[in-house]
Amino acid sequence: MSEAKRLAGEKAIEYVEDGMIVGVGTGSTVAFFIDALGRIKHRIAGAVSSSEQSTARLKQHGIEVLDLNNTGPLSLYVDGADECDPHKRLIKGGGAALTREKIIAEASDKFVCIVDPSKLVPVLGKFPLPVEVIPMARSLVAREIVKLTGGQPVWRDGVVTDNGNVVLDVHNLSIVDPVAMERDLNQIPGVVSVGLFARRPADVVIVGGEPPKVL
Ligand code: 5RP
């Protein structure tokens, strides 16, 4: 599977144009993209990072990491996913970086999602849906999620996000209307963000393989 991730990550380099500031996601697939970006770092103006983990890897390669507040809109965002449906709607947040990932996706003209074939699903929800929550609202949000979705939220114990929050992973969902579920979960007080990328799905999905497939 890591070979498929590498092939997807390296294929995404084709979307990087000279002088770009590149939005960079988080995870093991993105790590291959960052390594490939390191090899062409002289061609780009820098990166905006979605996590401390990716920032560290970008800096190891000598790539300048910029503040989104100073860059304005981005042309390109490259990130992985935990699940991807046929409409390029995603579940993300397995690496707990969903909030910053969602911010950068929103700020970007083109979102290129890089996955291995195991991430493609007909309907989202087999992968537990991550929800980032303000710590004091954890129990309240969990109760509301049960009422709203019928799913089972499980506290990702011991995990604190880069924003100082906690994560609930919602099990046993079959998400037939991801746009509605994203909207409804976002309304619960205490929810910071939901790992559904349906309102703003990916624009391009690269599925790693020999050769990679572009959807
Ligand atoms: C991190 C994410 C990742 O993109 C997602 O978990 C996929 O990770 P990987 O590439 O390691 O399979 O959303 O928050």
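Worth saying up front: this structure is predicted, and the values here are computed from it rather than measured. (Residues numbered from 1 in each chain as written. Predicted model: local features only at pLDDT ≥ 70, side-chain atom pairs only at ≥ 80, totals over all residues. Heavy atoms only, no water.)

If you walk through the whole model with that rule in mind, you get 2 aromatic pairs. Ring geometry for Y77 against F111: centres 5.1 Å apart, planes inclined by 45°, an arrangement best described as tilted. Of the two residues, Y77 sits in strand 3 (residues 74–79) while F111 sits in strand 6 (residues 108–115), which places them 34 residues apart along the sequence. In this pair, the class of Y77 matches that of F111, namely buried. Measuring from ring centre to ring centre gives 6.4 Å for F111 and F197, while their planes differ by 65°; the resulting arrangement is edge-to-face. With a gap of 86 residues between them, F111 in strand 6 and F197 in strand 11 (residues 196–197) connect regions that are remote in the sequence. (Phe/Tyr/Trp six-rings, centres within 6.5 Å; stacked < 30°, edge-to-face > 60°. Helix = DSSP H or I, 4+ residues; strand = E, 2+ residues; numbered from the N terminus. Buried < 20%, exposed > 50% of the residue type's maximum accessible area, 1.4 Å probe, protein only.)

Okay, the domain arrangement of the chain next. Annotation of the chain at the domain level lists domain 1 (2–120 + 200–214) and domain 2 (129–195). Its C-alpha centre places domain 1 at a distance of 24 Å from the equivalent point of domain 2. Facing 15 residues of domain 1, the contacting portion of domain 2 comprises 18 residues. Approximately 1200 Å² of surface area, both sides summed, lies buried where domain 1 meets domain 2, with 50% of it carried by carbon and sulfur atoms. For the domain 1 face of the interface with domain 2, the top three residues by lost area are L98, T99 and K102, together amounting to 40%. Run the count over domain 1 and domain 2 and you get 1 salt bridge. Here E182 makes a salt bridge to K102, at a shortest N to O gap of 2.7 Å. (Domains from an automatic or database assignment. Contact = heavy atoms within 4.5 Å. Buried area = accessible area lost by both parts, 1.4 Å probe. Salt bridge = Lys/Arg side-chain N within 4 Å of Asp/Glu carboxyl O.)

For the rest of this paragraph, the subject is a nonpolar patch on the surface. Among the surface-exposed residues, I134, M136 and V192 lie close enough to one another that they form a single nonpolar patch of about 300 Å² accessible area. Assignment of secondary structure puts M136 in the loop between strand 7 (129–133) and helix 6 (138–149). When its relative accessible area of 78% is taken as the criterion, M136 is described as exposed. (Patch = residues over 30% accessible without salt bridge, like charges linked within 9 Å, V, L, I, M, F, W, Y side chains within 5 Å. Areas by Shrake-Rupley, 256 points an atom, 1.4 Å probe, with all protein chains shown as cover.)

Once that is clear, we can look at the sheet that holds strand 8 (residues 152–155). Ordered in space as 8-9-7-10, the 4 strands form an open sheet in which the pairing is antiparallel. Sheet topology places strand 8 and strand 10 (191–194) at the edges, where each strand pairs with a single neighbour. The mean angle between the axes of side-by-side strands here comes to 30°, regardless of whether they run parallel or antiparallel. On top of the sheet, helix 5 (residues 98–107) reaches strand 7 and strand 10; it is set at about 65° to strand 10, its chief contact. Of the strands in this sheet, strand 7, strand 8, strand 9 (166–171) and strand 10 are in contact with helix 6, which crosses strand 9 at around 20°. (Pairing = 2+ DSSP bridges. Axes fitted to C-alpha atoms, helices over the stretch in contact; angles between N-to-C directions.)

What follows is about the nonpolar core. Of all hydrophobic cores here, the largest spans 23 residues; its most connected members are V16, V22, V24, F33, L37, V112 and I114. A per-element tally of this core places helix 2 (residues 28–39) first, with 5 residues. The next biggest cluster of nonpolar side chains, apart from the first, holds 21 residues, and it includes V121, V166, L173 and I188. (Core = buried A, V, L, I, M, F, W, Y, C linked by side-chain atoms within 4.5 Å.)

This part takes up the site of the ligand. Around the ligand sit 17 residues, and of these S28, T29, D82, G93 and K119 come closest. A distance of 2.5 Å separates an oxygen atom of the ligand from a polar side-chain atom of S28. A distance of 2.6 Å is found between an oxygen atom of the ligand and a side-chain nitrogen or oxygen belonging to T29. Within the complex, 91% of the 380 Å² of free accessible area of the ligand lies under protein. Classifying every residue of the shell around the ligand by side-chain character gives 3 nonpolar, 8 polar and 6 charged. (Near = heavy atom within 4 Å. Polar contact = N/O pair within 3.5 Å; in protein donor to acceptor, adjacent residues only side chain to side chain. Nonpolar A, V, L, I, M, F, W, Y, C, P; charged D, E, K, R; others polar.)

Before going further, it helps to examine the pattern of salt bridges. Counting across every chain of the model gives 17 salt bridges. R39 serves as the salt-bridge partner of E10, at 3.3 Å between the closest nitrogen and oxygen. Here the residue E10 occupies a position in helix 1 (residues 2–11), and R39 occupies one in helix 2, the gap between them amounting to 29 residues. The partner of K92 in a salt bridge is E101, and the shortest N-O contact between them spans 3.1 Å. Taken as a pair, K92 and E101 share a single burial class, namely buried. Residues participating in the shared-partner salt-bridge network are E3, R6, E10 and R39.

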